[in-house]
Amino acid sequence: MRQAQVYHPDNQYEEAILDPIKPPINARDLLLWGGLLVVMGIGVAAYVRQFILGLGVTGMNRPVYWGVYITNFVFFIGLAHSGTFISAILRLSGAEFRKPLARAAEALTLFSLPFGVASIMIDMGRPDRVMNVILYGRFESPLLWDFTAVSLYLFSSVVFFYLSLLPDIALCRDRLEDVPSWQRSMYRILALGWKGHPEQFHRLERVMDGMAIFMTMLVVTVHTVVSWVFGMTIQPVWHSALIGPFFLLGAIFSGTAAVVIVLAILRKAYHLEDVLPVGLFNSLRKLLIVFSLGWLYMMIAEHLTLYYGNIPEEMEVFWQRFTGDFSIMFWVMTFAVFVVPILIFIFRGKNSIAWMVTASVLINIGMWLERYVVIIPTETRPRLLYELVQGSYTPTWTEWAITASLFAGMFLLYSIFTRFFPVVPLWETAETLEPETAFPEKRQRGFRGARRRRLGG
Amino acid sequence: MDLGNLISSLFLSPGPGGVIVILVMGGAATVYFFLTRWIIAGGKDEDNH
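None of the values given here were measured: they were computed from a predicted structure.

**Student:** Sorry, what's going on with the overall build of chain B here?
**Tutor:** Looking only at helices and strands, one finds 3 helices and 0 strands in chain B. Overall, chain B shows an N-to-C arrangement of helices and strands of α-α-α. Every one of the 49 residues in chain B was classed for burial, and the buried ones make up 12%.

**Student:** How should I be thinking about the overall build of chain A in this particular structure?
**Tutor:** Secondary structure assignment for chain A yields 15 helices and 0 strands. Taken against the 2.2 N^0.38 rule, which gives 23 Å for 457 residues, the C-alpha radius of gyration of chain A at 24 Å falls within 12% of a compact globule. Counting only C-alpha atoms, chain A reaches 80 × 45 × 45 Å along its principal axes. Here chain A holds 457 residues, and the buried ones make up 46% of them.

**Student:** Sorry, what's going on with helix H2 (residues 16-40) of chain B here?
**Tutor:** Think of an α-helix as 3.6 residues a turn; residues three or four steps apart then line up on the same face. A rise of 1.5 Å per residue sets the reference length of H2 of chain B, with its 25 residues, at 36 Å; its end C-alpha atoms lie 36 Å apart and thus fit the reference within 8%. Among the residues of H2 of chain B, Gly17, Gly18, Val21 and Ile39 of chain B are the ones counted as buried. Where H2 of chain B is buried, its residues contact helix H5 (132-135), helix H6 (142-175) and helix H8 (198-231) of chain A.

**Student:** Whenever I open this one, unusual backbone geometry confuses me. Can you help?
**Tutor:** Excluding glycine, residues mostly have negative phi values, and the peptide bonds linking residues are mostly trans. All names here are of chain A. Of note, the amide linkage connecting arginine 62 to proline 63 takes the cis form, showing an omega dihedral of 10°. Along the chain, proline 63 falls in the loop between helix H2 (27-53) and helix H3 (68-92). Of note, the phi angle at leucine 192 is positive, near 55°, even though the residue is not glycine. Tracing the backbone through its elements, the reader meets leucine 192 in the loop between helix H7 (181-191) and H8.

**Student:** Whenever I open this one, the interface of chain B and chain A confuses me. Can you help?
**Tutor:** The figure often quoted for interface size is the accessible area lost as the parts come together. On the chain A side, the residues contacting the 26 residues of chain B number 33 residues. Breaking the side of chain B that touches chain A down by element, the ones donating at least two residues are helix H1 (3-12), H2 and helix H3 (44-48) of chain B. Ranked by the residues each element gives to the side of chain B that touches chain A, the list is headed by H2 of chain B, at 15 residues.

**Student:** Can you help me understand the confidence of the model for chain B in this one?
**Tutor:** Any segment with low pLDDT has predicted coordinates that should not be analysed in fine detail. Residue and element names in this part refer to chain B. Looking at chain B as a whole, the pLDDT averages 83, with 90% of positions reaching at least 70. Per-element averaging of pLDDT across chain B places H3 at the bottom with 68 and H2 at the top with 91. Here the predicted complex scores 0.88 on pTM and 0.84 on ipTM.

**Student:** Help me understand the environment of valine 44 of chain A in this model?
**Tutor:** The topology assignment puts valine 44 of chain A in helix H2. Each C-alpha atom, one on valine 44 of chain A and one on phenylalanine 161 of chain A, is 28 Å from the other, the two residues being 117 residues apart in sequence.

**Student:** Whenever I open this one, the packing of H3 of chain A against helix H9 (residues 243-269) of chain A confuses me. Can you help?
**Tutor:** Helix packing geometry: the angle between the two helix axes and the distance between the axes. Residue and element names in this part refer to chain A. Two elements in contact, H3 and H9, have axes separated by 7 Å at closest approach and are oriented at 75°. Here H3 is positioned roughly perpendicular relative to H9, judged by the angle of their axes. Residues Ile77, Gly78, Leu79, Ala80, His81, Ser82, Phe85 and Ile86 of H3 lie in contact with H9, whose contacting residues are Gly250, Ala251, Ile252, Ser254, Gly255, Thr256, Ala258 and Val259. Taken together, the residues of the contact of H3 with H9 sort by class into 9 nonpolar, 7 polar and no charged.

**Student:** Where do I start with the confidence of the model for chain A in this structure?
**Tutor:** Looking at chain A as a whole, its pLDDT mean stands at 88, while 92% of the residues score no less than 70. Taken as a whole, residues 443-457 of chain A scores under 50 in pLDDT and shows 19 contacts with residues more than four places along the chain or in a different chain.

**Student:** Explanation requested: the environment of glutamate 316 of chain A in the structure shown.
**Tutor:** Structurally, the position occupied by glutamate 316 of chain A is in helix H11 (residues 312-322). For the pair glutamate 316 of chain A and isoleucine 21 of chain A, spaced 295 residues apart in sequence, the C-alpha to C-alpha distance is 55 Å.

**Student:** Teacher, can you tell me more about the packing of helix H10 (residues 278-309) of chain A against helix H12 (residues 327-347) of chain A here?
**Tutor:** Residue and element names in this part refer to chain A. Put simply, H10 and H12 touch, their axes get as near as 10 Å, and they point 150° apart. Regarding the angle of H10 to H12, the classification is roughly antiparallel. Considering the relative orientation of H10 and H12, their crossing is left-handed. Where H10 approaches H12, its residues Arg285, Leu288, Ile289, Ser292, Trp295 and Leu296 are matched on the opposing element by Val337, Phe338, Pro341, Ile342 and Phe345.

Quick notes on the rules
- Residues numbered from 1 in each chain as written.
- Chains lettered and ligands numbered in written order.
- Predicted model: local features only at pLDDT ≥ 70, side-chain atom pairs only at ≥ 80, totals over all residues.
- Helix = DSSP H or I, 4+ residues; strand = E, 2+ residues; numbered from the N terminus.
- Buried ≥ 20, exposed ≤ 12 C-beta atoms within 10 Å, placed from the backbone.
- Rg over C-alpha atoms; globule rule 2.2 N^0.38 Å.
- Expected span 1.5 Å × (residues − 1).
- Contact = placed C-beta atoms within 7 Å.
- pLDDT = per-residue confidence, 0-100.
- Axes fitted to C-alpha atoms, helices over the stretch in contact; angles between N-to-C directions.
- Parallel < 35°, antiparallel > 145°, perpendicular 65-115°, else oblique.
- Nonpolar A, V, L, I, M, F, W, Y, C, P; charged D, E, K, R; others polar.
- Left-handed = near helix turned anticlockwise from the far one by under 90°.

And the structure:
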């Protein structure tokens, strides 16, 4: 048997995309990673203290059983929807602009989901009981649906991400000769013997198309099920059919805004101006305008229905949001998520990455506040006791330290990934994908089919 | 045999829910493993000839 040839598609930006991976780990990397590790360390110390002393060190109390940790859980799961939206949903719709963005978005999914899962574990006073979900799980419980959906989503996201990375790992294996031997070994092992054969590309495209459909279904399922953890209770405001779509829209909205932030950072840090042109941000701007308006529609639909229903328990929560204890947060959220960003998108966002990033940061701060405003006011005014109990909740430093460590962990994993793998898909953005030179005698059906799909033929 | 009772007990009893989680995750792992193997095997037969 002769040695098979290896083919890699031509990409004029190959040098620019591979450049961030080539240099050895330097002081700047170590400083960044060290700083993030310090923040994580503080959070770990805070968690150890919480584990020893119990949840009493948090601001949670009776009847506020869910606080910042569950807010983080919903927020991280929301961020995780960016990858599936950009990669899977836009893939199915044939949006070409998604290609350079896809990996950065998928990585955001991959590195935010574990911290969403971790938030649940941290919220548990007895994390050792997590196995009870498997051992004694009752399928009537929305918590079990959540466990199943989030686990499957995390697993499928890893596979989807890895498969799309496969040809580029093989390219790193073959092109990066000056990297340390352990790094080359890593590429060799992870490439799984990829040769760039037309049939491999054909099969990869088929699987990616199929998985894109499955991932789209999963993304809808996951965030709907997350919302049902609240919606299946009969607590005021949570118990609404609208909560699922509202959560889903918010998730895709904040996830897409997070992609803008990540892309702008990568573009600046790794000098990818030619690979990630301003036009990409303009495409995302249009999407974000649509999502902003969708969010406003949901807000009005939810609150107008509540107001006309005029159910006493629900009006308690309603007024808590508009004029009560949570009013400052509610109005800051409204301005941060909708009012300011939509003005920026319309009047300043076009061709301006700085303004796009400003709006996206505001959206993400606002969306975190939105989760908080959805969760906490209902708990402070529970249905059965709303006349007797007026709960309160103020997060403690323990909760803030752990929250900071979760975000630091996400940034740490993301920054490590970008130092070892191409953040822009080389094979998907390649302009010449003809493998004839490498496989002259092979049938080209598969590769041509894949290329036709790329060109919209 | 009361089929309705059986199905109902699957949902209401502690335990079967966990089995379903394991089946879902195990099924996904199996499917993804064979899909990945199938992709990588593309063109192998032609190379061997």
